[in-house]
Amino acid sequence: QVQLVESGGGLVQPGGSLRLSCVASGTIVIINTMGWYRQAPGKERELVASATRGGSANYADSVKGRFTISRDDAKNTLYLQMNSLSPEDTAVYYCNALVRTAYTDYRQYNYWGQGTQVTVSS
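Quick summary incoming for the structure in this document. (Residues numbered from 1 in each chain as written. Predicted model: local features only at pLDDT ≥ 70, side-chain atom pairs only at ≥ 80, totals over all residues. Heavy atoms only, no water.)

**As for the state of the cysteines**
What is meant by a disulfide is a covalent connection between two cysteines, made through their sulfur atoms.
Turning to step 1, where the next piece is worked out: On inspection of all chains with the given rule, the structure shows one disulfide.
Turning to step 2, where the next piece is worked out: Two residues, C22 and C95, share a disulfide whose sulfurs are 2.0 Å apart. Across the S-S bond linking C22 and C95, the dihedral sits near -80 degrees, which makes this disulfide left-handed. With a gap of 73 residues between them, C22 in strand β3 (residues 18-26) and C95 in strand β9 (residues 91-100) connect regions that are remote in the sequence. Summarising the burial analysis for this pair, C22 and C95 share the class buried. (Disulfide = S-S within 2.5 Å. Helix = DSSP H or I, 4+ residues; strand = E, 2+ residues; numbered from the N terminus. Buried < 20%, exposed > 50% of the residue type's maximum accessible area, 1.4 Å probe, protein only.)

**A few points about the pairing of strand β11 (residues 116-120)**
Turning to step 1, where the next piece is worked out: Residues T116, V118 and V120 of β11 are buried on one face, while the alternating residues Q117 and T119, pointing to the opposite face, are not.
Turning to step 2, where the next piece is worked out: As defined by bridge partners, strand β2 (residues 10-12) adjoins β11 across three bridges and the pair is classed as parallel. Pairing of G10 across the sheet is with V118, part of β11.
Turning to step 3, where the next piece is worked out: Two strands pair when backbone bridges link them, and β9 and β11 are joined in this way by three bridges, in the antiparallel orientation. Paired with A91 across the bridge in β11 is V118. (Pairing = 2+ DSSP bridges.)

**Observations regarding the sheet that holds strand β8 (residues 77-82)**
Turning to step 1, where the next piece is worked out: With antiparallel pairing, the four strands of this open sheet are ordered in space as β1-β3-β8-β7. Two strands close off the open sheet at either side, each with one partner strand: β1 (2-7) and β7 (67-72). Neighbouring strand axes in the sheet, compared pairwise and without regard to direction, differ in orientation by 15 degrees on average.
Turning to step 2, where the next piece is worked out: Relative to β8, β7 runs antiparallel, the two being bridged by six bridges. Bridged to F67 within β8 is M82. (Axes fitted to C-alpha atoms, helices over the stretch in contact; angles between N-to-C directions.)

**Here we look at the pattern of salt bridges**
Turning to step 1, where the next piece is worked out: Scanning the model with the defined rule gives six salt bridges in all.
Turning to step 2, where the next piece is worked out: For R71, the salt bridge goes to D73, with nearest N and O atoms at 2.8 Å.
Turning to step 3, where the next piece is worked out: We note a salt bridge from D105 to R107, for which the minimum N-O separation is 3.0 Å.
Turning to step 4, where the next piece is worked out: Take R107: its relative accessible area is 45%, and that puts it in the partly exposed class.
Turning to step 5, where the next piece is worked out: Through salt bridges that share partners, R38, E46, R66 and D89 make up one connected network. (Salt bridge = Lys/Arg side-chain N within 4 Å of Asp/Glu carboxyl O.)

Set out below in structure tokens:
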């Protein structure tokens, strides 16, 4: 079992910044792609940014230039630096990870954190 725990959410003024963290723990062999998703009320969950083990990052068009995803594999931690926040960024942000959990099992398993609320006031 793998647990992902997000932190860093909160209330921020438009134009402000937040840094989200996601710590993975449990029976981890390899964490492959990690990503941040968000979901606002009445909207579908959407990918915000993802990062591979090799360091490649992808971003939703809506956050390019404002958000930066990074990971520290030594700490099994994923980060999302969010700058120039706007009310459109208000959502619950979820950490996601594709994880190999056993040396005898080649399959990747998809894990989700509990989410952290980001609210950007107007």
